[in-house]
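# Architecture at a glance
Below, each chain spelled out in residue letters.
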Amino acid sequence: MKILLYNPDNGVTRNFMPHLWMFLLQSLTPEGHEVVLIDGNAKAMTREELVEFCREENVGLVGIGSMTRMVARAYKVADSLRAAGIKVVMGGPHVTECPDEALGKDGGPRHADAVALGEADEVWADIVTDAASGELKEIYQPKRDEKGNDVKPSLQPYPHIPWETLDLEQFSLVPKMLKNVLSKCGEGWGKFFVVPIETGRGCPYGCEFCTVTGFFGDSIRFRTNESVIEELLRLKNRARKEKGQVAVFFIDDNLAINKKRLKSLLRDIIAADAQLPWVAQISANLLGDEELVDLIAEAGGKWIFIGMESIDPANMADVNKNFSKPANYKDVLDGLARRNIYAITSFIFGMDNDTVGVAKRTITEIENWSPGLPVFGQLTPFPATPLYTRLEKSGRLQRPKHWLDFAPFVMAHNPLKMTIEEAKNETFSAWARSYSPERNAEAIEAIAGTPIQIRIGHLVARLFFRGIYFPQMNKRSWFKLLFQNRKTIFRLTREGLSTWRIARRNKLRSSINDSILNRS
Ligand code: B12
Ligand code: SF4
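Residues numbered from 1 in each chain as written. Chains lettered and ligands numbered in written order. Predicted model: local features only at pLDDT ≥ 70, side-chain atom pairs only at ≥ 80, totals over all residues. Heavy atoms only, no water.

## Thoughts on empty space enclosed by the protein
On inspection of all chains with the given rule, the structure shows three cavities of 30 Å³ or more. In this structure, the largest cavity spans a volume of roughly 50 Å³. Around the largest cavity, the lining residues are I363, I366, E367, P371, G372, P374, S434, R439 and R462. Its residues assigned to classes, the lining of the largest cavity shows four nonpolar, two polar and three charged. The computed volume of the second largest cavity comes to approximately 40 Å³. In terms of lining, the second largest cavity is formed by G200, R201, G202, I220, F222, D252, D253, N254 and I257. Here the residues of the lining of the second largest cavity are counted per class, giving three nonpolar, three polar and three charged. (1 Å grid on protein atoms, 1.4 Å probe; cavity = no way out; pocket = protein on both sides within 12 Å on 5 of 7 lines; lining within 4 Å. Points joined across faces, edges and corners; volume = space filled by probe spheres on them. Nonpolar A, V, L, I, M, F, W, Y, C, P; charged D, E, K, R; others polar.)

## With respect to the site of ligand 1
Inspection of the region around ligand 1 gives 39 residues, with M17, T68, D121, T211 and D253 positioned closest. In the environment of ligand 1, an oxygen atom lies 2.7 Å from a nitrogen or oxygen atom belonging to the backbone of T68. Residue E97 places a side-chain N or O atom 3.2 Å away from a nitrogen atom belonging to ligand 1. It is helix α1 (residues 20-27) that contributes the most residues to the shell around ligand 1, four residues altogether. Looking at the shell around ligand 1 residue by residue, the class counts come to 21 nonpolar, eleven polar and seven charged. (Near = heavy atom within 4 Å. Polar contact = N/O pair within 3.5 Å; in protein donor to acceptor, adjacent residues only side chain to side chain. Helix = DSSP H or I, 4+ residues; strand = E, 2+ residues; numbered from the N terminus.)

## Concerning the packing of aromatic side chains
Scanning the model with the defined rule gives 18 aromatic pairs in all. When the centroid spacing of 4.6 Å and the interplanar angle of 50 degrees are considered together, the rings of F409 and Y469 count as tilted. With a gap of 60 residues between them, F409 in the loop between α15 (386-393) and α16 (420-434) and Y469 in the loop between α18 (452-466) and α19 (475-484) connect regions that are remote in the sequence. Accessibility assignment for this pair places F409 and Y469 in one class, buried. Joined through ring pairs, the aromatic side chains of Y329, F347, F349, W369, F376, F409, F428, W431, Y435, Y469 and F470 make up one cluster. (Phe/Tyr/Trp six-rings, centres within 6.5 Å; stacked < 30°, edge-to-face > 60°. Buried < 20%, exposed > 50% of the residue type's maximum accessible area, 1.4 Å probe, protein only.)

## Remarks on the nonpolar core
One finds L4, I64, W278 and I306 to be the most contacted residues of the largest nonpolar core, which totals 134 residues. Those residues in contact with I64 that sit more than four places away from it in its chain are Y6, P8, W21, A74, V77, A78, L81, V88, V89, M90 and G91. Residues I444, I452, L463 and L492 belong to the second largest nonpolar core, which totals six residues. (Core = buried A, V, L, I, M, F, W, Y, C linked by side-chain atoms within 4.5 Å. Contact = heavy atoms within 4.5 Å.)

## A few points about the pattern of salt bridges
Per the stated rule, a full pass over the model turns up 38 salt bridges. The shortest N-O distance in the salt bridge between R201 and D121 comes to 3.0 Å. Highlighted residues: R201 in strand β8 (residues 200-201) and D121 in the loop between β5 (114-116) and α6 (124-132), separated in sequence by 80 residues. In this structure, R201 and D121 share a single accessibility class: buried. The salt bridge involving K263 is made with E291; its shortest N-O contact spans 2.8 Å. Here E291 lies in helix α11 (residues 290-298) and K263 lies in helix α10 (residues 259-271), a separation of 28 residues in the sequence. (Salt bridge = Lys/Arg side-chain N within 4 Å of Asp/Glu carboxyl O.)

## Focus: the sheet that holds strand β7 (residues 192-197)
Strand order in the open sheet formed by six strands is β7-β10-β11-β12-β13-β14, with parallel pairing between adjacent strands. At either end of the open sheet lies a strand with only one pairing partner, and these are β7 and β14 (373-378). When strand polarity is set aside, the average angle formed by the axes of neighbouring strands in this sheet is 20 degrees. Here strand β11 (residues 278-281) pairs with strand β12 (residues 301-309) via four bridges, running parallel. Note that in β12 the partner of Q281 across the bridge is F305. Running at roughly 160 degrees to strand β13 (residues 342-349), helix α14 (residues 358-366) makes contact with β13 and β14 of the sheet. (Pairing = 2+ DSSP bridges. Axes fitted to C-alpha atoms, helices over the stretch in contact; angles between N-to-C directions.)

## Focus: a nonpolar patch on the surface
Residues I456, V460 and F464 make up a contiguous nonpolar surface patch of roughly 260 Å² in combined accessible area. For F464, the position within the fold is in helix α18. (Patch = residues over 30% accessible without salt bridge, like charges linked within 9 Å, V, L, I, M, F, W, Y side chains within 5 Å. Areas by Shrake-Rupley, 256 points an atom, 1.4 Å probe, with all protein chains shown as cover.)

## A look at the sheet that holds strand β3 (residues 59-65)
One open sheet accounts for six strands, arranged β2-β1-β3-β4-β5-β6; its pairing is parallel. One side of each edge strand has no neighbouring strand; the edge strands of this open sheet are β2 (34-39) and β6 (139-140). Here strand β1 (residues 2-7) pairs with β2 via six bridges, running parallel. Its bridge partner lying in β2, I3 is registered against V35.

## A closer look at helix α2 (residues 47-56)
Those residues of α2 lying buried are L50, V51, F53 and C54. Seen from one end, α2 has its buried residues packed into an arc of 160 degrees, which puts them on one side. Away from the buried face of α2 by more than 90 degrees, exposed residues E48, R55 and E56 are located. Tucked inside the fold, the buried residues of α2 contact β1, β2, β3 and α3 (71-83). (Arc of directions from axis to C-beta.)

## Describing the layout of surface pockets
Within this model, the second largest pocket holds a volume of roughly 230 Å³. The wall of the second largest pocket is formed by 13 residues, among which V36, L37, I38, D167 and Q170 lie closest to the centre. Mapped onto the lining of the second largest pocket, the elements with two or more residues apiece are α1 and β2. Ranked by the residues each element gives to the lining of the second largest pocket, the list is headed by β2, at four residues.

## Some remarks on the pairing of strand β10 (residues 245-250)
With six of six residues buried, β10 is to be regarded as a mostly interior element. A two-sided burial pattern is seen for β10, the buried positions comprising Q245, A247 and F249 on one face and V246, V248 and F250 on the other. In this structure, β10 lies alongside β11, joined through three bridges in parallel fashion. Counterpart to V248 in the pairing with β11 is W278. You can see the chain leave β10, run along α10 and come back into β11, and the turn it takes is right-handed. (Right-handed = clockwise from strand over helix to strand, strands pointing away.)

Take a look at the structure:
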C-alpha cells in the first residue's frame, strides 16, 4: 500500500524545519509499504491537487498530524480526501485531546476515519496493517499498564531515521537561484537544512498552559548517548558530502531537564567530534550552571529557546511556572552571550496580571540584556490543559473552540486586566519595536566585539524571525525588508569582505612561506 503522511501548512511562515513525526512514522512502517511525505509548509498544494496526487499515486492511506493551531486546515484537507474515498487517519496533540471532534462524535461533522491517541510509535504498524487489509479501527491507543496509564515508548532502542539518504530537497532553506553560487562559499552553503532530533521525551514541570506534561507524561525517557551521536555523525557526513550545511533542533521540551544526563551527552558529542550547530529548548532555571553552559558551547550549541513567559513574578506564579525567576533572566542571557550563544526568548501577553503597557515594560527590560530573538504570543487555552479547565470553569472562555475559527493573535478568553483588543495591540507593538530596522541595528551594535560570522548570523536570524509575526511570503516583502535594513547589511557586508580578503591573503602568504621552506 502507498501511504501519504501530510502536515498542513500553518498559514504564516514557510517552515524552517520538517516535522519529526513524519520521519519517525516512516521509519516505523512495516516492510512492503511505500511512504511519501508532504509538508504543506514546504510544498504548497491545494486540496484539489492533493486529492489528484493521491488518486494518481494510488494512495491507500493518508496520515495527517496537527497541532491545535493548524487543525481547522487539517480537517479541511481530511474532508476533501475522504470525499474522494481515501482513508484518513489523524494523530498528534490536538486529536489526542479532542478525539470526538475528529471522529464527529461531538455533534459536528466527521473528519477522520481513525485517530491515533498519544504517542503512536508502537501502534503505527497496526494502523498500517489494518488499513491495508481494509480493517481500519476508529481509535488506536497505546497499551495501558495496571494503573490504567499509557505505556510510553522507552526510546531505547530508537528507530533508525535514514537521514543520510532521505530526500530533504523540499526543506532546504537556500533559495534555488543561489544554490550554485553558495555551494562554493567556504565549506559549502548550497543546501541548508534544520533537522529535528529528539534525545528524550517528557517534562514534569506541569506549567498551566502547556500540553506537554499531559501528553508525554511526567516520566522522562531518554535515548542512549550512542544513538543520538550516531544520528549526528550521519548528518554531519551528509552535509560534508553535499557541500551544504545541517543544523539540528533538539526538540526535547527541556533538554537540560536532567543536567547530569545532558552533561554526559554533551561530553560524548565533543569526544566523538559530532558537533553540528544546534538549537534547543531549556528553561532559564537550569542555565545558571557554568559548567553546563561551557559544555553547550563546546558541543555546538548556538541558540537556546527559553520560555520566559513574563517579567512579572505574579504572572509566573499564576501559570505554575514559579521555578523560572524573571530576576535571573539577565544573568542567564549574559552568561550565554559570553560564550557566543544567543537566546530565543519567548513571552506571553494577556496573562492575568498584565495591564496595558506590558509590551513597553517587557521591551525596556529585554533591551537591557544581551540581545536575543524575542518572540511574543498570547495566553492560549489549549484543550486538556489545566488553563483550559480553569478558564472554562470561571466562564471566561469567549471562543471555547477557538481552533475552529482560528484568528492569529486574537485571544480566546478575556484577560483579567485588559481587553482582548488591548492584548492584540500590545503584541503588535512588541513585535514592531523588537524587529524594527533601528532595533536590529542596535542589537548588532551591542555584539560589536564578536566575530563577523556571528553578527551576520544574528542579523539573518532577526530578519527571519520577524516573519513569525509579519508575513514575509513573497520576494517583494523580502526586498522591502532588506532595503529597510540596508545600513546594517551594508556595514556587515563591508566588514565581512575585508575579513575574508585578509584571511585569503594570510593563507596565500603562509602557503608561499611553506613552499619556500620545503625547497630550502
Ligand atoms: C518542534 C516544535 C515546534 C516547531 C514546529 C515545527 C517542526 N517542524 O517541528 C516550532 C518551534 C516551529 C513550533 C511552533 C509552535 N508550537 Co510547537 N512544538 C514543538 C515540540 C517541542 C516538538 C514537536 C515534536 O516533534 N515532538 C516529537 C514527536 C515525536 O512528537 P509528536 O509530534 O507529538 O508526534 C507523536 C504523536 O503525536 C503521534 N503523531 C503525531 N502526528 C501524527 C500523525 C499521525 C497520522 C499519527 C498516526 C500519529 C501522529 O505520533 C508521534 C510519535 O509518537 C512540541 C512539544 C513536544 N514535545 O512534542 C511543541 C508543541 C507541538 N508546540 C505547540 C505549540 C502551541 C506551538 C505554537 C502554536 C506556539 C506558539 N504560540 O506560537 C507554534 C506554532 C507554530 C506554527 N505557526 O506552525 C504545542 C501544541 C499544543 C497543541 N495542542 O497543539 C506543543 C505540544 C508544545 C506545548 N507547549 O504544548 N513548535
Ligand atoms: S517547562 Fe516547558 S515543556 Fe515543561 S511544562 Fe513548562 S512549558 Fe511545558
